[in-house]
Amino acid sequence: MDGGPKKGLALIGFSLLCLKMVASAKTAPEIPTIDQAYSKISNSITVEWATVPGATSYLLTAKDGDTVIETTVANSPGTVSGLKAATLYQITVSSISAAGRSQASPPTQAKTVLAAPVLEVSSPSSDSILVQWEAVYMATGFSVSIMRANGLGRIWKENTTNTTLTFTSLDAGTLYTIKAYAWNANGTPGDDSTCNQRTSPRAPADIQVSFDSGALAASVSWAPTEGASNYTALARSDSSQLSCSTASSGCTISSLRCGTEYLISVSASNDAGSSRSASAGTLKTIACAPGRVTIQEDPPGHLSVSWSNVDLGDYYVAFVKSDDGLEVHCNTSLPRCDFPSECGFTYFISVFAYNKAGQSPLGDVFNYTTAPCCPSDINPVLVSSDRVEMVWSPVRGAELYETRAADGFNVVECNDTAPACTLSALECDTKYNITVYSFSEARGSNTSCASRFITTAPCSPEIQSISKDAFSAIHVHWRSRNQGATCTVTARGEEGLYRCSSSGQACALGGLPCGSLFSVTAVAETQAGRSLPSYSVPLETVPCCPAGLTVTQVTQSVVNVSWTVGTGALTYVTVLASHTGQSQCRTHQNHCLLGCVTCGVNYTVALKAISATGLTADCAYQRYASITCSGSTLGMGKSFFSWMTWKGTFLLHFRATMKSGSKLTLQFIRETNARVPASGLRGWICPGRERGAERETGVR
């Protein structure tokens, strides 16, 4: 059991130490004691206190009425920011540890200093700086100092109760640092405010000016001046002001006006402002191009060019260049020049004014086109009743040709860009005075061109009638108002052309074939030319008679007449005539059956050929004797009937015999091979003829 009590005592001691440490860890730190509180900046107060053992940070509190601002700092001294200037605050400090935060220290009062003035600085001249500010709360005075920003030279310091102060006798174009603060009634200075300001530069010296007449620009140069960051060259006239700006020692003033006298000056500037303007004297630009240029051609072949005088113009030169490249000029102090000219040329005219500065700018280039030349070789290439086509060689300067034809009452015009013209809607057989005028848009028409006379071709005759005389000659009659014209009539058909001519009002066409169709026209002709054909008139000759005619006895009472086709005939009428009467047939065919022929009688056969329009040709007659009678004789009270009918191409002949009070007896006689008429089968009943006790009746 040796050592047992010692070990127990040691254990008890260790436990007590742990309990002490736990108790110590749960105890808040001590309350700090403020040594001092002061303000060097208007929005903060700095506090100093003695360090509290075990404290890990501190809570600074500034209170102004209901406003409380707190800041946690690590150690002393600490600063409370975000405060109001010139304001009294209650300041307390609390220490903070892991165990918690102590109570606040006894409060200490501290007042923030005055706010810094808000400066506005400018440089009204190259050797002065103006400092301005607004009033500061609780301030009774201000202190302002100035010195070069580079630290060289002296420091100027001024105290004032005003809110503005000017420092003079400064160096031009130099950067200065200005510092200002306010103090209160106790003389305590407030926050200071610092800013930099550069004085404006001096005016440039050694200014040189050169003028570019072609560009109408002035190049201005100068010696650099201290502190200038930019330069402005100014050209001022009575009516305008132009300038250029640069950071170097020269620039060009563009867009100067001609005929103007400018005053040239240069000023330097920086962020502080501009220097005064340094004058470089006057500059006279070139004269303006002469205006109100007028060009007249009076008389033709003479151009007169005139213009108005211009400011700063010493003399003038006028240039005239034709479109073929030839150029002439005149030099004069007067506002007028004269030049020779030719027709059909375009002249380009420009006028310049000159002075010591040089030649005026190019003004408007005027072009003057003289009247175009007149065509001289006008040739008519076609002359008709209502139209004349003309051509000529192109002439210089002509853009358009105007052709006019006048007959004393009416005028017909034709305009074309080509050297040719067709005058239409003219009167036939009329003498026209024709003139071709050349025309240009710039100068109009040349009215001095010569004219010539051209007579149009005769008028078309008007066919009045076509007649036929007893000798089968065709007479064509027309009406015409032409003077001394010969008229030719042409009949045109499938058989060819047939003509007749006359200087009168009619002519006869002979030898026209029968059965033909013709188109008849008339054309008049004079030395001026041929008229247009008249309106055509149709002419139809009578149909041709058939070349041959044949009569064939079919039965005792029927004959077949056939013929060849006649040219132009559409319908034929065949007539079989005798002293006992006549029988006729009308058909479109070239054959026909005729009935009621009496046997043993002499007949004449006539044929008419008729066209589609009704023209009729009476063809020659032919004599024909019918067959000898061969009919059977029947007794008294007997009669017979005979007829025919068709079967295919065969003609069947029948006879019927009937006795009084008895039946009718039918008898087939014969058949004949014959052509069937295209018009179909037709029948007739011939009147009975008493032959003693006989009566004969035919039926088909």
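Located above this text is the structure these notes cover.
I will try to describe carefully the structure that is included in this document. Note that this is a predicted model, so its numbers are computed, not measured.

Under the criterion given, the structure shown has 11 disulfides. Across the disulfide from cysteine 343 sits cysteine 373; the S-S distance is 2.1 Å. Taking the torsion about the sulfur-sulfur bond, which here is approximately 85 degrees, the covalent link between cysteine 343 and cysteine 373 counts as right-handed. Residue cysteine 343 is located in the loop between β28 (336-340) and β29 (346-355), and its partner cysteine 373 is located in the loop between β31 (366-369) and β32 (379-383); the two are separated by 30 residues in the primary sequence. With no disulfide of its own, cysteine 487 has cysteine 507 as its nearest cysteine by sulfur position, at a separation of 6.8 Å. Assessed through its relative accessible area of 4%, cysteine 487 is described here as buried.

Scanning the model with the defined rule gives 10 salt bridges in all. Ionic pairing is found between aspartate 192 and lysine 179, a salt bridge with its closest N-O pair at 3.2 Å. Of the two residues, aspartate 192 sits in strand β15 (residues 189-198) while lysine 179 sits in strand β14 (residues 175-183), which places them 13 residues apart along the sequence. By relative accessible area, which is 39% here, aspartate 192 ends up partly exposed.

A few words on the pairing of strand β11 (residues 141-148). Most of β11 is tucked away: six of the eight residues are buried. Where β11 meets β14, eight bridges bridge the pair, whose relative direction is antiparallel. Counterpart to isoleucine 146 in the pairing with β14 is isoleucine 178. Alignment of β11 against strand β12 (residues 156-160), held across five bridges, turns out to be antiparallel. Residue pairing for β12: serine 143 is matched across the bridge by asparagine 159.

Here the focus is the packing of aromatic side chains. Under the defined criterion, the tally for this structure stands at 10 aromatic pairs. Ring geometry for tryptophan 222 and tyrosine 231: centres 5.4 Å apart, planes at 45 degrees, overall tilted. In terms of burial, tryptophan 222 and tyrosine 231 fall into one category: buried. Note on phenylalanine 319 and phenylalanine 352: the rings are 5.8 Å apart at their centroids and 80 degrees apart in plane angle, and the pair reads as edge-to-face. Linking phenylalanine 319 in strand β26 (residues 315-322) with phenylalanine 352 in strand β29, this pair joins segments that are 33 residues apart in sequence.

Parameters and conventions
Residues numbered from 1 in each chain as written. Predicted model: local features only at pLDDT ≥ 70, side-chain atom pairs only at ≥ 80, totals over all residues. Heavy atoms only, no water. Disulfide = S-S within 2.5 Å. Helix = DSSP H or I, 4+ residues; strand = E, 2+ residues; numbered from the N terminus. Buried < 20%, exposed > 50% of the residue type's maximum accessible area, 1.4 Å probe, protein only. Salt bridge = Lys/Arg side-chain N within 4 Å of Asp/Glu carboxyl O. Pairing = 2+ DSSP bridges. Phe/Tyr/Trp six-rings, centres within 6.5 Å; stacked < 30°, edge-to-face > 60°.

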